[in-house]
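Notes for the structure review
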Amino acid sequence: MALLEVPIFAVTEWAILKYLKINDAGGTIMIHIFACYFGLGVSAVLYRPCLNEGHSKEGTTYQSDILSVMGTLFLWVFWPSFNSSLTLPGDDQHRAIIHTFIGLSSSTLTAFALSALLNRKGKLTMADIQNVTLAGGVTVGASVDMMISPVGAFALGMIGCTACMLGYKYLTPFMAKKLRIQDQCGIHNLHGLTGLISTTAGIICILIASEDTYGPSLYQTFAHRAPVEGDPRLKELQELIPGLNPGEGRSASEQGLYQVAALGVSIGVSIVGGLLTGLVLSLPVLAQPPDEFCFDDTLYFEVPEEFDNNMLPTRNRDMVAIKD
């Protein structure tokens, strides 16, 4: 899968950056959305109807959930550096870091609140916490270096977290049963839904961006809106901002349309590429494991001898016992 996905992604990214020339500091369109819908395309082809009824080893233990939270914490801490790495040094980069921290904080607070609210006993669910707290980092990605204000970043974090949480609760089961797409890790919730929200927010920010708000730095943040080579306006701006490069001379609405076009290209190519990759993976020569070996490491890894049903979650141990 990786051997096919990486080249398709690289060509798509090259085409978008070279011909469409968009603003996507956090990689929302070219990374999150592409990877999400590529994976869903693969999953659609490799659909296994028997897994919709559950699997004896499909589940987690409380200990494994706690361990997974360590990975969530790692991502939480380093997400600001991911979102800000491609932004311009200075104000843009500072805004990106601050907006990401605010978005992540907002989604974390919302995740704890929604986890208790949606639980019948009013208790926190560790799986919710580890999956949903990062939604804010994705949701602010497309507009992370723009002047969205702390309030805007906080609101995006809440919106993204809510969409992600409801997606895990309701959309994932619907996709598995009605659309024949099994999203085992909820990628569509954390990267797809939040990516679409982020892209929409980014387009809105581009449409309302003006020199009244940004000053001459507008043409640094939105480099493709800078005047073209030979435009007298470019020389005036270069006197104010030494080193400013000529752009495409686009208006706000034109840049917004290019963002929409890039979104369509990313989704379209990723879905087609995912479907083709799924067809390759389903070839008999690749020997797909049977349903009973799904979620089982013993088929491909050496596991300790003491690894048995006692390592399974309690509810899954009961399923195994009933089967036996």
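Position numbers for residues start from 1 in each chain and track the written sequence from start to end. Totals for whole chains, interfaces and linings use all residues, but because this is a predicted model, local features are given only for residues with pLDDT of at least 70 and pairs of side-chain atoms are given and counted only at 80 or more. Computation of side-chain values covers all heavy atoms of the structure but excludes hydrogens and water.

1. Points about the overall build of the chain
Rule in force here: Only DSSP runs of H or I reaching four residues or more are called helices, and only runs of E reaching two or more are called strands; each is numbered from the N terminus. For every residue, the accessible area obtained with a 1.4 Å probe (protein chains only) is divided by the maximum for its type, and the residue is called buried under 20%, exposed over 50%, and partly exposed between those limits. Contacts were defined at the residue level, with two residues in contact if any of their heavy atoms lie within 4.5 Å. The sign given to each residue is positive for Lys and Arg and negative for Asp and Glu; His and the chain ends receive no count. The location of each charge is read from NZ of Lys, CZ of Arg, CG of Asp or CD of Glu.
When helices and strands are tallied, the chain shows 13 helices and 0 strands. The secondary structure elements of the chain, listed N-terminal to C-terminal, are α-α-α-α-α-α-α-α-α-α-α-α-α. Taken along the three principal axes of its C-alpha coordinates, the chain extends 80 × 45 × 35 Å. A burial count over the chain gives 42% of its 324 residues as buried. Looking at the chain alone, contacts between residues at least 24 apart form 75% of all its contacts between residues at least 6 apart. The distance from the centre of the 19 positive side-chain charges to the centre of the 29 negative ones in the chain is 7 Å.

2. Re the environment of Ser 81
Quick note on the threshold: By the criterion applied in these results, polar contacts are pairs of N or O atoms within 3.5 Å in which, for protein atoms, one can donate a hydrogen and the other can accept it, and in which residues neighboring in sequence qualify only through two side-chain atoms.
Looking at the element boundaries, Ser 81 is found in helix H3 (residues 62–84). Taking relative accessible area as the criterion, Ser 81 reaches 43% and is therefore assigned partly exposed. In terms of polar contacts, Ser 81 uses its side chain to reach the backbone carbonyl oxygen of Phe 78, at 2.6 Å.

3. A closer look at unusual backbone geometry
Leaving glycine aside, a negative phi is the common case for residues, and trans is the common case for peptide bonds. The residue Ser 149 is not glycine, and still its phi comes out positive at about 75°. Tracing the backbone shows Ser 149 in helix H7 (residues 149–178). Given a relative accessible area of 35%, Ser 149 falls into the partly exposed group. Unusually for a residue other than glycine, Arg 180 sits at a positive phi of about 60°. Along the chain, Arg 180 falls in the loop between H7 and helix H8 (187–208). When its relative accessible area of 48% is taken as the criterion, Arg 180 is described as partly exposed.

4. Some points on the pattern of salt bridges
Put simply, the rule reads: One side-chain nitrogen of Lys or Arg within 4 Å of one carboxyl oxygen of Asp or Glu is enough to make a salt bridge.
The final tally for this structure, using the stated rule, is 5 salt bridges. In this structure, Asp 128 and Lys 169 form a salt bridge, with 3.6 Å as the shortest nitrogen-oxygen distance. With Asp 128 in helix H5 (residues 126–132) and Lys 169 in helix H7, the pair connects residues that are 41 residues apart, well separated along the chain. For Asp 128, a relative accessible area of 8% puts it in the buried group. The partner of Glu 211 in a salt bridge is Arg 233, and the shortest N-O contact between them spans 2.9 Å. Of this pair, Glu 211 sits in helix H9 (residues 211–214) while Arg 233 sits in helix H11 (residues 232–240), and the two are 22 residues apart along the sequence. Taking the relative accessible area as the measure of exposure, Glu 211 reaches 32% and is therefore partly exposed. The class for Arg 233 is partly exposed, based on a relative accessible area of 29%.

5. Observations concerning helix H1 (residues 2–20)
Inclusion rule: Between the first and last residue of a helix there are one fewer steps than residues, each counted as 1.5 Å, and that sum is the expected span. In this description, the arc belongs to the directions extending from the helix axis to the C-beta atoms.
Compared with the 27 Å implied by 1.5 Å per residue over 19 residues, the 26 Å span of H1 between its first and last C-alpha is a close match. For H1, the full list of buried residues reads Glu 5, Thr 12, Ile 16 and Leu 20. The arc enclosing the buried residues of H1, seen along the axis, measures out at 45°, which places them on a common side. For H1, exposure combined with an orientation more than 90 degrees from the buried face picks out Leu 3, Val 6 and Val 11. For H1, the secondary structure elements touched by its buried residues are helix H2 (28–45) and helix H12 (252–281).

6. Structural notes on the nonpolar core
Note that soluble globular proteins tend to have their nonpolar side chains buried in a common cluster. The following threshold applies: Among the buried residues, those of types Ala, Val, Leu, Ile, Met, Phe, Trp, Tyr and Cys that are joined through side-chain atoms within 4.5 Å form a nonpolar core.
Of all hydrophobic cores here, the largest spans 22 residues; its most connected members are Met 146, Ile 148, Tyr 214, Leu 218, Tyr 219, Phe 222 and Leu 244. Elements that contribute at least two residues to this core include exactly helix H4 (91–118), H7, H8, helix H10 (218–221) and H11. A total of 3 residues in this core trace back to one element, the largest contributor, which is H8. Residues Trp 79, Ala 111, Leu 134 and Ala 135 belong to the second largest nonpolar core, which totals 13 residues.

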